[in-house]
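Each chain, letter by letter, is given below.
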Amino acid sequence: MSYTVGQVAGFAGVTVRTLHHYDRAGLLAPGARSPGGYRLYSDSDLARLQQILFYRELGFALDEIAEILADPQANALDQLRARCQALREQIGKLERLVEVAERAMEVQQTGVRLSPRERFEVFGEIGFDLSYATEAELKWQDSAGHRQAMARAAEHSKEDWARIMGEAAAWRAEVLAAFDAGEAADGPAARALAERHRQHIGRWFTDCPPDMHLRIADDFVADPRAFALLVPPAQQRPGLARYLWNAIRANTTAHDPVNPHSHPKPEGESDVPSAEEAASHQAAEPRPPAEGSR
């Protein structure tokens with residue numbers, strides 16, 4: 001059976017121009033011509049075209065393919081071995097480039113210019129989650145506070161980050177102690193802890209007025225990855241994220257007594273977390289803080 005050049009192009013997913021080029025290069029001459037001089041391809045021509053496309057997919061040049069097809073048994077195996085080695089080397093290079101690109105993304109989205117080893121030494125259980133970093137970047141990209149936080153984070157040295165995380169760990173221990181002791185979220189002890197967190201953000205990252213602090217805290221109950229920036233999953237308790245949100249809300253209200261309802265509790269939410277909400281705080285590892293030490 002014979003096929004026209006247009007039919008073969010459709011079968012193989014190539015252009016008519018490509019088939020004409022293969023013909024001129026002597027790589028795939030059609031087995032016959034129509035009375036009008038048009039190319040006609042046979043089943044054996046299609047089989048040869050399949051081989052050509054296979055080797056092209058592997059990156060062989062046309063002259064190399066012609067050499068292989070001239071004597072497949074003599075040339076194909078050695079050529080394929082050489083191509084496999086070249087592809088392995090290319091894969092290794094691409095993998096290194098991916099690592100560089102991912103590192104650049106990490107720095108861009110987290111503002112942390114530390115090596116992987118330094119990050120592990122400084123952040124410990126507080127890890128990186130680029131999916132959360134990307135979402136946070138999109139969410140806060142128009143915020144001047146976010147841009148300032150990212151710029152200042154990028155300036156911090158390893159020693160700075162060690163101090164930041166040391167302060168955060170000490171603050172976290174006091175929060176856990178207050179929660180475990182049953183201190184009221186709107187009581188003076190919890191409000192003082194909320195205020196210390198707000199000042200920590202302002203000292204190290206960006207100006208953080210109370211209403212901005214509460215917007216940041218919204219993520220603690222909405223996204224387990226954000227809460228894990230403050231409390232690693234191994235140290236979390238059911239209801240702790242909501243407890244901290246309430247403490248920050250109480251501190252915000254204390255700073256704005258004239259307008260205490262400027263940032264009300266999300267509709268339908270109570271101070272007592274459900275079992276489902278408590279379970280949701282088994283977080284994935286998030287990025288280091290962009291809006292603050294969180």
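Residues numbered from 1 in each chain as written. Predicted model: local features only at pLDDT ≥ 70, side-chain atom pairs only at ≥ 80, totals over all residues. Heavy atoms only, no water.

## Let's talk about the overall build of the protein
Now for step 1: Secondary structure summary: the protein contains 14 helices and three strands in total.
Now for step 2: A burial count over the protein gives 41% of its 294 residues as buried.
Now for step 3: Nonlocal contacts in the protein, meaning residues at least 24 apart in sequence, comprise 67% of its contacts between residues at least 6 apart.
Now for step 4: Of the roughly 15,700 Å² of accessible surface on the protein, a fraction of 54% belongs to carbon and sulfur atoms. (Helix = DSSP H or I, 4+ residues; strand = E, 2+ residues; numbered from the N terminus. Buried < 20%, exposed > 50% of the residue type's maximum accessible area, 1.4 Å probe, protein only. Contact = heavy atoms within 4.5 Å. Areas by Shrake-Rupley, 256 points an atom, 1.4 Å probe, with all protein chains shown as cover.)

## A look at the packing of aromatic side chains
Now for step 1: This model, assessed by the stated rule, comprises six aromatic pairs.
Now for step 2: Between Phe54 and Tyr55 the ring centres are 5.1 Å apart and the planes differ by 65 degrees, which places this aromatic pair in the edge-to-face class.
Now for step 3: Relative accessible area serves as the criterion here: at 8%, Tyr55 is assigned to the buried category.
Now for step 4: Both rings, one in Trp161 and one in Phe205, keep their centres 5.8 Å apart while their planes meet at 45 degrees; by these two values the pair is tilted. Taken as a pair, Trp161 in helix H9 (residues 158-180) and Phe205 in the loop between helix H10 (188-204) and helix H11 (210-222) lie far apart in primary sequence, 44 residues in all.
Now for step 5: Owing to a relative accessible area of 0%, Trp161 belongs among the buried residues under this scheme.
Now for step 6: Members of the aromatic cluster, connected to one another through ring pairs, are Phe54, Tyr55 and Phe60. (Phe/Tyr/Trp six-rings, centres within 6.5 Å; stacked < 30°, edge-to-face > 60°.)

## Thoughts on the confidence of the model for the protein
Now for step 1: Chain-level pLDDT for the protein is 78 on average; 71% of the residues reach the 70-or-more range.
Now for step 2: In the model, residues 260-294 has pLDDT below 50 throughout and makes 102 contacts with residues more than four positions away in sequence or in other chains. (pLDDT = per-residue confidence, 0-100.)

## What about the nonpolar core?
Now for step 1: Core analysis: the biggest nonpolar cluster contains 35 residues, and Phe205, Ile216, Phe220, Leu240 and Ile248 have the highest contact counts within it.
Now for step 2: Elements with a minimum of two residues in this core: helix H8 (144-155), H9, H10, H11, helix H12 (224-227) and helix H13 (240-255).
Now for step 3: Counting 19 residues, the second-largest nonpolar core is a separate cluster that includes Val8, Tyr41, Ile52 and Ala76. (Core = buried A, V, L, I, M, F, W, Y, C linked by side-chain atoms within 4.5 Å.)

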